[in-house]
Amino acid sequence: MANLSLTDYVKGGPALKRLKWRSGYGIIAVITGLMMISVGLGWWDSLEAEGYDLWFRVRGQQAPPADIVIIGIDDESLARYGRWPWGREIHAALLEKLAGARLVGFDLTFNSSGTAEEDARLAKAIREHGRVVLPAHFSFEKDGQDVIQVLRPPVGVLLRETFSLGFVNFPTEQDNVVRTVTPVTQVQGRPFPAFSLAMALGEQGLAPSNLEIRPDQGVTAGNLLVPRPGGKAPFINFWGPAQTFTTVPYYQVLDGTVSPEFFAGKTVLIGPVSPLLKDALHTPFTQGNMVLKGALPAPGVELHATALASFRNGLYFYPVPLMVNTLLVALFGGAAYLLTANRKPLQGLVILFLLIGVWVVVNWLLWWQMHTWVYLVAPMVTALLAYLGATVFNLVRVDQERKRIKGMFGRYVSPGVVDQLLKNPEMIKLGGQRLAVTVLFSDIRGFTSYSEGKQPEEIVARLNEYFSRMTAIVFKHNGTLDKFLGDGLMAVFGIPIPTQDHAGNALAAAKEMCVALHEMNAVWVARGEPVFNLGIGLNSGPVLVGNIGSEERMEYTVIGEEVNLASRLESMNKEYGTRLILSERTLACLNQDREGIVELGAVQVRGMVQPVKIYTLPEVNGGVKKHETAGNRNG
């Protein structure tokens, strides 16, 4: 870091960029690493599940298969037929009206016996229909210290007459939302289907005995295939919120309001839809309570209809493997950093929003078109954290470097120039370049004799007083203080921000320095102290500007023959009895303010082939001594 230039600091030059990248990669590695671990631990599962549900609501309700109809046990039916549970002769009477239905499924458990007459009548109705699917359910009971799963099938008289059987238990996620259906389980070593899958089999005339579990394919029966990616059940398609499927009140079928012909050739599911019977579950469309767009929990019988439609049509959603989601987090963290790290915060924020927007669209298309569920939230959060990490790091780094720059250039130029450099870094290049400038050398006349016999503290105090005033004048006229030279100073006009009127600024500074010296001498005389005199040399021309030195110590300065000439001109003031000498090169660069300038002649300067014409300003000299052969003098 010792040799980073101001351009590196302000503009993000190669050296600083390498430093930023190294530090930035560390930040991104930590952020993405923690996010990958959190994804692996499942901390985002609930939030991602909400994102999955959101896509259903964005897509909206779809028309379900028209040949799947629900006969719902609603509040009006309960009011008409009395206290629940009803006698089984009521269900038998209903089943007799559904003779034309292709398949009938009862989402009602009959695992306990009713009266002999009721059971016999329902069994007879089931037998005569010929295509009735009854439910079983699993209960969990304690067996000593263990909890065992027990299958509760319908009572024997009904079980013997049913066409097929399936379990009605629904798996729910941690947030109690149903998103999938376990298609099959093992009972005594044989596949046993879910109620909805048993219905799908029944539509094809297949029984549970036709099921096969193939590890490489999934669950198969006839031309029915239920994939099990990674050994897990697929996510089923949801057609809409509660009451999306055609639902007919139970009582309207019994009293003939709905004709039996309506059910001809259709698959019918019978089950509770009244909230009083508390058979409802949350789905991706559920949005809370009754005031939110009617998106209430769906009755269990409608969930069976939903799963049946998915099994029948092969409409599933497939979650990608955990490794894919983990790698996506790493990808988005890296992408967000690469795209935003070297930009201003607002620019980076715009790019971040674009990146997130593109990802939302891609995620939606993957879900909608390819039925593939990829994590939505975790990659976006990773990108946001990467942006914030990179931005905070950059802001801290820039603040540190701004302070470093101010400390560095505050010695050379005025605070206003430093601020201008920070705001417009493109105006400077410190790696070394040739610029047209005006160089000013100033020296105190008679300083050696003044310092004889005086205490060092007194000498330093006088020099500090003198240099403070002179430095302020240099800064006032947009000059850069290059260095102090014992009892003299060197200033450059036209750097670090190039200016057209560098000669005019230098001349104005020189004139004000002479005026300031006169004012300071008056103060020192009043204090009974010796006065100072000074000599100033000005020269203009192209010089090499840059950070010059070693890796341990570097100095922002200028070098070239124009610098040497300015120094020689300053020393000539002794010979000419002047305070200010400027070269013809400076005079040529003056855009205005040439009034009062007089020529001293031409001098031969050591190291230069051609003589140089020199000029002075009598108003600051207090009289110019005449020299017979000024043009033949050597500098």
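Residues numbered from 1 in each chain as written. Predicted model: local features only at pLDDT ≥ 70, side-chain atom pairs only at ≥ 80, totals over all residues. Heavy atoms only, no water.

Description of the overall build of the protein
- On a plain count of helices and strands, the protein comes out with 20 helices and 25 strands.
- Here the protein holds 635 residues, and 50% of them are scored as buried.
- The contacts in the protein between residues at least 6 apart in sequence include a share of 73% that link residues at least 24 apart.
- Of the accessible surface of the protein, which amounts to about 29800 Å², a share of 55% is contributed by carbon and sulfur atoms. (Helix = DSSP H or I, 4+ residues; strand = E, 2+ residues; numbered from the N terminus. Buried < 20%, exposed > 50% of the residue type's maximum accessible area, 1.4 Å probe, protein only. Contact = heavy atoms within 4.5 Å. Areas by Shrake-Rupley, 256 points an atom, 1.4 Å probe, with all protein chains shown as cover.)

Remarks on the packing of aromatic side chains
- This structure, assessed with the given rule, holds 33 aromatic pairs.
- Aromatic side chains Trp373 and Tyr375 sit 6.2 Å apart centroid to centroid with 55° between the ring planes, which places their arrangement in the tilted category. Considered together, Trp373 and Tyr375 belong to a single accessibility category, that of buried residues.
- Each member of the aromatic cluster is reached from another via a ring pair, and the members are Tyr52, Trp55, Phe56, Phe235, Phe238, Phe285, Phe317, Trp364, Trp367, Trp368, Trp373 and Tyr375.
- Its guanidinium or amino end placed over the ring of Phe262, Lys266 lies 3.7 Å from that ring's centre, counting from NZ or CZ.
- Here the guanidinium or amino end of Lys454 rests over the ring plane of Tyr450, the centre of that ring lying 4.5 Å away. (Phe/Tyr/Trp six-rings, centres within 6.5 Å; stacked < 30°, edge-to-face > 60°. Lys NZ or Arg CZ within 6 Å of the ring centre and 35° of its normal.)

So, the environment of Phe192
- With respect to the helices and strands, Phe192 occurs in strand β7 (residues 190–193).
- For the pair Phe192 and Leu165, spaced 27 residues apart in sequence, the C-alpha separation works out to 8.4 Å.
- Discounting residues that sit within four places of it in the chain, Phe192 has contacts with Ala136, Phe138, Leu151, Leu165, Gly166, Phe167, Pro183, Val184, Thr185 and Val187.

With respect to the sheet that holds strand β16 (residues 316–319)
- A sheet is described by the order of its strands in space; here three strands give the open sequence β11-β16-β17, paired in mixed fashion. Both edges of this open sheet fall to β11 (235–236) and β17 (372–373), since each of them pairs with a single strand only.
- Of the pairings in the sheet, the one linking β11 to β16 comprises two bridges and is antiparallel in character. Within the sheet, the bridge partner assigned to Ile236 lies in β16 and is Tyr316. (Pairing = 2+ DSSP bridges.)

As for the packing of helix α3 (residues 45–59) against helix α12 (residues 345–370)
- Between α3 and α12, the least distance of the axes is 11 Å, while the angle of their chain directions is 80°. As far as their axial angle goes, α12 and α3 are roughly perpendicular. Contact residues: Tyr52, Trp55, Phe56, Val58 and Arg59 in α3; Val360, Asn363, Trp364, Trp367 and Trp368 in α12.
- Looking at the contact of α3 with α12, its residues break down into eight nonpolar, one polar and one charged. (Axes fitted to C-alpha atoms, helices over the stretch in contact; angles between N-to-C directions. Parallel < 35°, antiparallel > 145°, perpendicular 65-115°, else oblique. Nonpolar A, V, L, I, M, F, W, Y, C, P; charged D, E, K, R; others polar.)

A look at unusual backbone geometry
- A cis geometry characterises the amide bond from Trp84 onward to Pro85, with omega recorded as 0°.
- Mapped onto the elements, Pro85 comes out in the loop between α4 (75–81) and α5 (88–96).
- Residues Ile495 and Pro496 are joined by a peptide bond in cis, for which omega reads -5°.
- Tracing the backbone shows Pro496 in the loop between β20 (488–493) and α17 (502–526).
- Within the chain, Gln188 stands out as a residue other than glycine whose phi angle is a positive 55°.
- Relative to the elements of secondary structure, Gln188 occurs in the loop between β6 (184–187) and β7.
- Note on Gln188: relative accessible area 82%, which makes it exposed.

A look at the confidence of the model for the protein
- With 87% of its residues at a pLDDT of 70 or more, the protein has an overall mean of 86.
- Segment residues 1–17: pLDDT under 50, and 40 contacts once partners within four positions in sequence are set aside and those in other chains are kept.
- Note that residues 623–635 has pLDDT below 50 and, in this model, 31 contacts with residues that lie over four places away or in other chains. (pLDDT = per-residue confidence, 0-100.)

Some details on the pairing of strand β2 (residues 103–106)
- Burial along β2 is two-sided: the face carrying Leu103 and Gly105 and the face carrying Val104 and Phe106 are both buried.
- Examined bridge by bridge, β2 and strand β13 (residues 267–272) share four bridges and lie parallel to one another. Bridged to Phe106 within β13 is Ile270.
- In this structure, β2 lies alongside strand β3 (residues 132–143), joined through two bridges in parallel fashion. Directly across from Val104, in β3, lies its bridge partner Val132.

Let's talk about empty space enclosed by the protein
- Counted by the stated rule, this structure contains one cavity of 30 Å³ or more.
- In terms of lining residues, the largest cavity is bounded by Phe238, Trp239, Gly240, Pro241, Thr244, Phe245, Thr283, Ala298, Glu302, Leu303 and Thr306.
- With three residues, helix α10 (residues 300–313) is the largest single contributor of residues to the lining of the largest cavity.
- Counted by class, the lining of the largest cavity contains six nonpolar, four polar and one charged residues. (1 Å grid on protein atoms, 1.4 Å probe; cavity = no way out; pocket = protein on both sides within 12 Å on 5 of 7 lines; lining within 4 Å. Points joined across faces, edges and corners; volume = space filled by probe spheres on them.)

Examining the pairing of β16
- As paired elements, β16 and β17 share two bridges and run parallel to each other. In the strand pairing of β17, Tyr318 is matched with Thr372.

Notes on the side chain of His371
- Assignment of secondary structure puts His371 in the loop between α12 and β17.
- Look at His371 and you get buried, because its relative accessible area is 19%.
- Ignoring anything within four residues of it in the chain, the contact list for His371 reads Leu315, Tyr316, Phe317, Tyr318 and Leu366.

Focus on the pattern of salt bridges
- Scanning the model with the defined rule gives 23 salt bridges in all.
- Between Glu212 and Arg214 there is a salt bridge, with its nearest N and O atoms 3.7 Å apart.
- The exposure class of Glu212 is partly exposed, given its relative accessible area of 40%.
- One salt-bridge network, held together by shared partners, links Asp67, Arg102, Glu203 and Arg312. (Salt bridge = Lys/Arg side-chain N within 4 Å of Asp/Glu carboxyl O.)

Quick notes on the sheet that holds strand β9 (residues 218–221)
- The strand order β8-β9-β10 describes an open sheet built from three strands, whose pairing is antiparallel. The sheet terminates laterally at β8 (212–214) and β10 (224–226), the two strands that pair on one side only. The mean inter-strand angle of the sheet, taken between neighbouring strand axes irrespective of direction, is 25°.
- Relative to β10, β9 is paired through three bridges, and the arrangement is antiparallel.

A look at a nonpolar patch on the surface
- Where nonpolar side chains cluster on the molecular surface, the patch consists of Val30, Leu34, Ile37, Leu41 and Trp43 and spans about 580 Å² of accessible area.
- Position of Leu41 among the secondary structure elements: in the loop between α2 (14–40) and α3. (Patch = residues over 30% accessible without salt bridge, like charges linked within 9 Å, V, L, I, M, F, W, Y side chains within 5 Å.)

A word on helix α6 (residues 116–129)
- Between the first and last C-alpha of α6 there are 20 Å, a value that for 14 residues agrees with the 20 Å anticipated at 1.5 Å per step.
- Residues Asp119, Leu122, Ala123, Ala125, Ile126 and His129 constitute the buried set of α6. One side of α6 holds all its buried residues, which, seen down the axis, span an arc of 160°. Exposed residues on α6 whose side chains face more than 90 degrees from its buried face are Ala116, Glu117 and Glu128. (Expected span 1.5 Å × (residues − 1). Arc of directions from axis to C-beta.)

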